[in-house]
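Structure at a glance
The residues making up each chain are set out below.
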Amino acid sequence: MSAQTDTKTRPAIAPAGGAPAAFRAAVAAEWTKLSSVRSSWWTALAGLLVMAASAGQLAIYAANDNTNDDPTDDRGIVTVGSVLIDSVELTQYVVLALGLLAITAEFTSGTIRTTLQCTPSRGRVLLAKAVVAGAVTFALGLLLGGVGVLVARPVLGEWGSAPAAATIGDIVRVAIYLALVGVLALGLGAALRSAVLTLTVLLATLMIVPLSLQEPDIDVLNRIADVFPGVAGGHFLVGDTEPYPRLVGLLLLAGWAGAALLLGRTALRRRDA
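Residues numbered from 1 in each chain as written. Predicted model: local features only at pLDDT ≥ 70, side-chain atom pairs only at ≥ 80, totals over all residues. Heavy atoms only, no water.

Looking at helix 6 (residues 122-156)
Applied cut-off: Strands here mean DSSP runs of E at least two residues long; helices mean DSSP runs of H or I at least four residues long; both are numbered from the N terminus. The length a helix should cover is 1.5 Å for every residue beyond the first.
Along its 35 residues, helix 6 runs 49 Å from first to last C-alpha, staying within 8% of the 51 Å computed at 1.5 Å per residue. Where helix 6 ends, the next residue or the one after it, Gly157, has phi of about 60 degrees, a positive value.

Section: the packing of helix 3 (residues 38-67) against helix 4 (residues 80-109)
Pairs of packed helices are described in terms of their axes, by the angle between the two and the distance that separates them. Applicable threshold: Axis lines are fitted through C-alpha atoms, for helices just across the contact stretch, and the angle between N-to-C directions can take any value from 0 to 180 degrees. In what follows, roughly perpendicular refers to angles from 65 to 115 degrees, roughly parallel to angles under 35, roughly antiparallel to angles over 145, and oblique to any angle outside these ranges. What makes a crossing left-handed is the near helix being turned counterclockwise from the far one by less than a right angle; a clockwise turn instead makes it right-handed. By definition, residues are in contact when any of their heavy atoms lie within 4.5 Å.
The contact between helix 3 and helix 4 brings their axes to 8 Å, and the two run at 165 degrees. Comparing the axis directions of helix 3 and helix 4 gives the class roughly antiparallel. The two elements helix 3 and helix 4 meet at a crossing, and its hand is right-handed. Across the interface between the two elements, Ser40, Thr43, Ala46, Gly47, Val50, Met51, Ser54, Ala55, Leu58 and Ala59 of helix 3 pack against Val83, Leu84, Asp86, Ser87, Val88, Leu90, Thr91, Val94, Ala97 and Leu98 of helix 4.

Examining the environment of Arg269
Just so we agree on the cut-off: Burial here depends on accessible area, computed with a 1.4 Å probe over protein chains only, as a share of the maximum for the residue type. Under 20% is buried, over 50% is exposed, and the range in between is partly exposed.
Its location among the elements puts Arg269 in helix 11 (residues 246-270). The exposure class of Arg269 is exposed, given its relative accessible area of 59%. As a C-alpha pair, Arg269 and Ser121 span 148 residues in sequence and 8.9 Å in three-dimensional space.

A look at the UniProt feature "transmembrane region" (unreviewed entry) in the chain
Note the cut-off: UniProt positions are given in the numbering used here, feature names are shortened, and annotations may be inferred rather than shown by experiment.
Per the UniProt annotation, the sites labelled "transmembrane region" (unreviewed entry) are residues 41-63, 90-109, 130-151, 171-188, 195-213 and 247-268. Secondary structure across residues 41-63 comprises 100% helix and 0% strand; the distance between its end C-alpha atoms is 33 Å. A helix fraction of 100% and a strand fraction of 0% characterise residues 130-151, whose end C-alpha atoms lie 31 Å from each other.

Section: the nonpolar core
Proteins that are soluble and globular tend to have nonpolar side chains buried together. What counts here: To qualify as a nonpolar core, a set must consist of buried Ala, Val, Leu, Ile, Met, Phe, Trp, Tyr and Cys residues joined through side-chain atoms within 4.5 Å.
Counting 56 residues, the largest nonpolar core has Leu96 and Tyr177 as the members making the most contacts within it. Looking at this core, the element that brings in the most residues is helix 4, giving 13 residues. Those residues in contact with Leu96, other than ones at most four positions away along the chain, are Val181, Ala185, Leu199, Leu202 and Leu206.

Topic: the confidence of the model for the chain
The test is simple: pLDDT measures the predictor's confidence residue by residue and takes values from 0 up to 100.
A residue-level look at the chain finds 91% of positions with pLDDT of 70 or above and a mean pLDDT of 89. Within the chain, the element-level pLDDT minimum falls on helix 1 (residues 3-9), averaging 38, and the maximum on helix 7 (residues 164-192), averaging 96. Segment residues 1-14: pLDDT under 50, and two contacts once partners within four positions in sequence are set aside and those in other chains are kept.

Following this line, the structure appears as structure tokens:
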């Protein structure tokens, strides 16, 4: 048997510690890649700027509604958390880029081949990326939530309230929502491989298709729209009781993220890098 053939057929040696150690190594590698890329930090900075601008603008609108000459649009005192949640609608599209680029950038540059050579298990690679992307977007979500509150509170002035427990809860829910959306973006990116195509599908899934279904205001179409991730996430953030409680919204969003990861894993296993 030739040396070349022997190299190809020799089984891989498992790292000391087995599968848990291999997974920890994969997570460490993914964190190193994500944190060492300059675009990750620029994306985080962009998210902070968009959140600050959105929260400030929405807070100005809320205060102006109460002080203008038209009494029909008076909103009264609003919570800072409600302004924060409304600000997420735009900010999320900056944040999900972290999850999206964590995989599509490797396909574009060809470094995915090196990644899969170091960690041959497609499932382990994708799960490690999901852990890192989810943790990073969760931490960034907490920071974004804090920035949104700090900007909106003084702008609202007498027309705003910020009960501590409720505000902290809103910040944590925003972080959870952004983490799940980031994982959703990662899974779709693994399946579609193109950043542009993945972003297009995300826009359609999170916003365009649900809004199109809701526009005719037909009950059956509204019910279909309610299961889409953006709508489910909105119910989770706001805490609606109709058409389902907050927990169901969270489970639906988590289900979409999990399904996207399964789709990405299937695509990675069936196609060469």
